Amino acid sequence: MNEEAAAPGGLALIESLVNTLDVETGADTLGTQEGRAAFGLTEADVAEARILREALRAVCLTHAGHRPPEGSASPPLDRLLAAAPLRVTVDAAGGAALRPVAEPPGLTARVAAAVAEGATGGTWARLKACEAEDCRWAYYDRSPAGRRRWCSMSVCGARAKMRTYRARRDTGAG
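A brief look at the structure comes next.

Comments concerning the pattern of salt bridges
Right, on to step 1. All chains considered together, the criterion is met by five salt bridges.
Right, on to step 2. Asp28 is the salt-bridge partner of Arg50, the closest N and O atoms lying 2.6 Å from each other. On the criterion of sequence distance, the pair formed by Arg50 in helix α3 (residues 46–63) and Asp28 in the loop between α1 (11–18) and α2 (33–37) is long-range, its members being 22 residues apart.
Right, on to step 3. The class for Asp28 is buried, based on a relative accessible area of 18%.
Right, on to step 4. For Lys128, the salt bridge identified is with Asp141, shortest N-O distance 2.7 Å. Taken as a pair, Lys128 in strand β3 (residues 127–129) and Asp141 in the loop between β4 (138–140) and α6 (153–171) lie far apart in primary sequence, 13 residues in all.
Right, on to step 5. The class of Lys128 is buried, set by a relative accessible area of 4%.

Put into structure tokens, the structure is as follows:
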């Protein structure tokens with residue numbers, strides 16, 4: 001839904017993972033070979049990846065000031081990432097980073113490293129999920145104030161504003 005550039009750094013991985021599910025149609029690219037390959041997953045990894053995806057979506061909704069949908073059964077992201085094996089690395093210039101321990105790193109460890117990178121860089125809280133209930137697409141909020149509500153103002157934002165306008169018109173308010 002979002003027509004803008006991907007989120008910066010490792011947050012692009014998280015944005016891509018959350019956006020593997022089209023909430024409106026139910027289409028889930030993790031159910032396809034190509035979709036799994038984009039994340040280095042096997043069919044056996046899909047159930048765990050879906051749980052991680054929905055926990056990430058819940059946090060992205062929180063970043064945008066929304067509550068996850070009622071009945072959301074996803075476990076807290078903190079609990080999922082606690083099992084991610086990470087280590088601190090320091091480069092020759094003295095720069096420190098968290099890196100997955102295993103090679104190749106699993107999806108949870110890559111997500112955990114991306115969250116840590118975003119948190120230290122001040123970008124993590126700008127990864128949000130669209131306010132539209134039929135969308136919930138992840139997007140990176142590049143607005144100056146960091147208060148964007150929809151993945152696309154021209155689609156989801158316009159629909160929401162039109163619904164508000166019609167509701168006011170139909171009730172005779174304003």
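Considering the side chain of Arg57
Right, on to step 1. Inspection of the secondary structure puts Arg57 in helix α3.
Right, on to step 2. The exposure class of Arg57 is buried, given its relative accessible area of 5%.
Right, on to step 3. For Arg57, the side chain forms a polar contact with the main-chain oxygen of Val18, separated by 3.1 Å.
Right, on to step 4. Leaving out residues up to four positions away in the same chain, Arg57 has contacts with Val18, Leu21, Val23, Ala129 and Arg136.

Concerning the packing of α1 against α3
Right, on to step 1. Where α1 contacts α3, the two axes come as close as 9 Å, and the packing angle between them is 105°. One way to sum up the angle between α1 and α3 is to call them roughly perpendicular. Side by side, α1 and α3 meet where Ile14, Leu17 and Val18 of the first sit next to Ala49, Leu52, Arg53, Leu56 and Arg57 of the second.
Right, on to step 2. Split into classes, the residues belonging to the contact of α1 with α3 amount to six nonpolar, no polar and two charged.

A word on the environment of Ala5
Right, on to step 1. Tracing the sequence through the fold places Ala5 in the segment before α1.
Right, on to step 2. On the accessibility criterion, Ala5 (51% relative accessible area) is exposed.

The rules we used
- Residues numbered from 1 in each chain as written.
- Predicted model: local features only at pLDDT ≥ 70, side-chain atom pairs only at ≥ 80, totals over all residues.
- Heavy atoms only, no water.
- Salt bridge = Lys/Arg side-chain N within 4 Å of Asp/Glu carboxyl O.
- Helix = DSSP H or I, 4+ residues; strand = E, 2+ residues; numbered from the N terminus.
- Buried < 20%, exposed > 50% of the residue type's maximum accessible area, 1.4 Å probe, protein only.
- Polar contact = N/O pair within 3.5 Å; in protein donor to acceptor, adjacent residues only side chain to side chain.
- Contact = heavy atoms within 4.5 Å.
- Axes fitted to C-alpha atoms, helices over the stretch in contact; angles between N-to-C directions.
- Parallel < 35°, antiparallel > 145°, perpendicular 65-115°, else oblique.
- Nonpolar A, V, L, I, M, F, W, Y, C, P; charged D, E, K, R; others polar.

As far as function goes, none of this settles anything; it's purely spatial.
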